[in-house]
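# Report on the structure
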Number of protein chains: 4
Amino acid sequence: MAFNFPVRVYYEDTDAGGVVYHGNYLNFYERARTEFLRSLGFEQDVLLESDTAFVVRRCEIDYLIAAKFNDYLTVTVAVKQLKRASIAFHQQIIDQNGNLISEATVIVVCVNLSKMKPIAIPENITKELLRAS
Amino acid sequence: MAFNFPVRVYYEDTDAGGVVYHGNYLNFYERARTEFLRSLGFEQDVLLESDTAFVVRRCEIDYLIAAKFNDYLTVTVAVKQLKRASIAFHQQIIDQNGNLISEATVIVVCVNLSKMKPIAIPENITKELLRAS
Amino acid sequence: MAFNFPVRVYYEDTDAGGVVYHGNYLNFYERARTEFLRSLGFEQDVLLESDTAFVVRRCEIDYLIAAKFNDYLTVTVAVKQLKRASIAFHQQIIDQNGNLISEATVIVVCVNLSKMKPIAIPENITKELLRAS
Amino acid sequence: MAFNFPVRVYYEDTDAGGVVYHGNYLNFYERARTEFLRSLGFEQDVLLESDTAFVVRRCEIDYLIAAKFNDYLTVTVAVKQLKRASIAFHQQIIDQNGNLISEATVIVVCVNLSKMKPIAIPENITKELLRAS
């Protein structure tokens, strides 16, 4: 059961090939992860105040069909694997016609931001992530 | 006598209209201002360490001709007016054929970043800006 | 009576100064104009198919307060002046606490995209713009 | 023997975490691939005129150390595997102190852009890619 977040494609997201620029899919995936955490009750600006952030450690992205200007996409978020200091997400982007546009595995690590050192994911977040997966 | 900085247009800079996305000209202008300051001996990461930054207060941008994918542009920087805490820059973007692509006036303010309060521009920077203008 | 569109600030929108990167406000303003046109019944991908686009000719932007990561902004759109081939918009960005973050005048021109020549704004659009202003 | 391309980190590339936004590494990798093709004599705007483009099919990116504002990076490009219609690149990003910042495998497919269908890579490009690898 994945979390869903809608994303509209604007001019800023596209490139001269007439489609969404490949790097900008990472924005869409990141927005959906942020909204997923928010839906569990966690605001990342509050996390930042306690010097804690989730940073991306690895991405694998498949680009299957090119998303186009003005498309209305759905971005999904599912927890694939939860470790002490990291989360592996499985994410998909689906367009308004139900086509699978892109698929990704994104590994994020919980860090102490000023030291850029991995730390254990706060317990209340782990608890909610387990409940949601 | 303006400072010049070259900028190549990559896919990331363009949009589905086939030309450079209007918001991205601000990136080009900002890169040139950063390189102008560097040419005077000032590195903005060093400034940041002393909690000092130049933030943009106002932009006026005219878009005259659309820059295209793969264009090789020249961005100019000239100091138009220097005040105690702010600098007004006049900037232009010219393409490889000598066409004037865009023109801008950008006002930046020197701030204490954590308080977001205007402060006097450091004296050594003012001195070099006067020498360069 | 202005049109309103909400924008959430994500990591992608911010910079190392800890606030929204000044160039990205143009994205927020553009999204709101796109949604304003959509609210009047006009989809810009359909316009593109008939080789018609609105391109930005001039922007004046004032940056009053820095928007921050995770802010939930409201972007307004009002038609300031309507000419045969161009529209002057007045736009504002307001944060979740009612603070005026930024203000802009944006002039867009209706063009034949492949020729990049100004053309009259399609009559049905002019009609709706007049009704909305 | 890899191709090298320098990239300066500007404000536009960073985020509120104080480091380069993870999605923007894809810009750096793409710029280097574009310059690699240019170094072999191929301009992508010329390719576009014949309705041919290289589109990204898959990316695997490891983020090892966070690149910071004002860093001066070197992006490498090496051909890992060359097929009839696709190229697998191995790329690295190294900072001014010789640290490996990020590593990626990027698979691009040669397509007829208006049909978005894979086509054989033009023979003159294949020839130069073989010579360069």
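Small disclaimer: the values here were computed from a predicted structure and weren't measured. (Residues numbered from 1 in each chain as written. Chains lettered and ligands numbered in written order. Predicted model: local features only at pLDDT ≥ 70, side-chain atom pairs only at ≥ 80, totals over all residues. Heavy atoms only, no water.)

### Quick notes on the side chain of B:Arg33
Residues and elements named next belong to chain B. Applicable threshold: To qualify as a helix, a DSSP run of H or I must reach at least 4 residues; to qualify as a strand, a run of E must reach at least 2; elements of each kind are numbered from the N terminus. Buried means the residue's accessible area, taken with a 1.4 Å probe over protein chains only, is under 20% of the maximum for its type, while exposed means over 50%, and partly exposed covers the values in between. Charged residues are defined narrowly, with Lys and Arg counted positive, Asp and Glu counted negative, and His plus the chain ends left uncounted. Salt bridges are identified by distance alone: a Lys or Arg side-chain nitrogen within 4 Å of an Asp or Glu carboxyl oxygen. The term polar contact refers here to a pair of N or O atoms within 3.5 Å; inside protein, the definition further demands a hydrogen-donor-capable atom paired with an acceptor-capable atom, and it admits residues adjacent in sequence only when both atoms are side-chain atoms.
When you line up the elements, Arg33 lands in helix H1 (residues 25-39). Lacking a salt bridge, the buried Arg33 has Glu30 as its closest oppositely charged neighbour, with an N-O distance of 5.1 Å. A polar side-chain atom of Arg33 sits 2.9 Å from a polar atom in the side chain of Gln91.

### Focus on the interface of chain A and chain C
Just so we agree on the cut-off: In what follows, residue pairs with any heavy atoms lying within 4.5 Å of each other are defined as contacts. What gets called buried area is simply the loss in accessible area from a 1.4 Å probe that two parts show on being joined, summed for both. Residues are grouped as follows: Ala, Val, Leu, Ile, Met, Phe, Trp, Tyr, Cys and Pro are nonpolar; Asp, Glu, Lys and Arg are charged; all remaining types, including Gly, are polar.
In this complex, chain A contributes 18 residues to the contact, which on the side of chain C involves 18 residues. Taken together, both faces of the contact between chain A and chain C bury some 1,800 Å²; the carbon and sulfur share is 46%. Summed over the three residues of chain A that lose the most area to chain C, namely A:Tyr10, A:Tyr11 and A:Glu12, the buried surface amounts to 33% of that side. Where chain A packs against chain C, one counts 2 salt bridges. For A:Arg31, the salt bridge identified is with C:Glu12, shortest N-O distance 2.8 Å. At the junction of chain A and chain C, the tally comes to 12 residue pairs in polar contact (both at pLDDT 80 or more). Elements that contribute at least two residues to the side of chain A that touches chain C include exactly strand E1 (3-8), helix H1 (25-39) and helix H2 (44-49) of chain A. When the residues that make up the side of chain A that touches chain C are grouped by side-chain class, the tally is 6 nonpolar, 4 polar and 8 charged.

### Overview of the relation of the copies chain A and chain D
The condition that has to hold: When the copies are superposed, the least-squares fit draws on C-alpha atoms of residues that have pLDDT of at least 70 in both.
Mapping chain A onto chain D leaves a residual RMSD of 0.0 Å; the transformation is a rotation of 180 degrees accompanied by 0.0 Å of translation along its axis. Interpreted geometrically, this transformation is the action of a two-fold axis. Considering only C-alpha atoms, the part of chain A nearest the rotation axis is A:Glu60, at 2.2 Å. Mapped onto chain D, 100% of the interface residues of chain A again fall at the interface, so both copies present the same surface.

### Here's the deal with unusual backbone geometry
All names here are of chain D. Even without being a glycine, Asn70 presents a positive backbone phi close to 80 degrees. As for its position among the elements, Asn70 is in the loop between strand E2 (52-63) and strand E3 (72-82). Given a relative accessible area of 6%, Asn70 falls into the buried group.

### Looking at the environment of D:Asn112
All names here are of chain D. With respect to the helices, strands and loops of the structure, Asn112 is situated in strand E5 (residues 100-112). By relative accessible area, Asn112 is classed as buried at 19%. Considered as a pair, Asn112 and Arg8 are 104 residues apart in the sequence and their alpha carbons are 33 Å apart. Setting aside residues up to four positions removed in sequence, Asn112 forms contacts with Asp51, Lys117 and Ile119. Of the polar contacts made by the side chain of Asn112, one reaches the backbone nitrogen of Ser114; its length is 3.3 Å.

### A word on the pattern of salt bridges
Following the criterion strictly, the structure yields 36 salt bridges over all chains and no others. Close ionic contact of C:Arg58 with B:Glu60 constitutes a salt bridge, the shortest N to O distance being 3.4 Å. Residue C:Arg58 is found in strand E2 (residues 52-63), and its partner B:Glu60 is found in strand E2 (residues 52-63); the two belong to separate chains.

### Topic: the confidence of the model for chain A
When pLDDT is low, close inspection of the predicted coordinates is not appropriate. The test is simple: Confidence of the prediction at every residue is given by pLDDT, a number between 0 and 100.
With 99% of its residues at a pLDDT of 70 or more, chain A has an overall mean of 96. If you check the scores for this complex, the pTM reads 0.97 and the ipTM reads 0.95.

### Some words on the side chain of D:Gln44
If you trace the backbone, D:Gln44 turns up in helix H2 (residues 44-49). Once you skip the residues sitting within four places of it in the chain, D:Gln44 turns out to touch B:Tyr11, B:Phe69, B:Asn70, D:Glu30, D:Thr34, D:Leu37 and D:Phe54.

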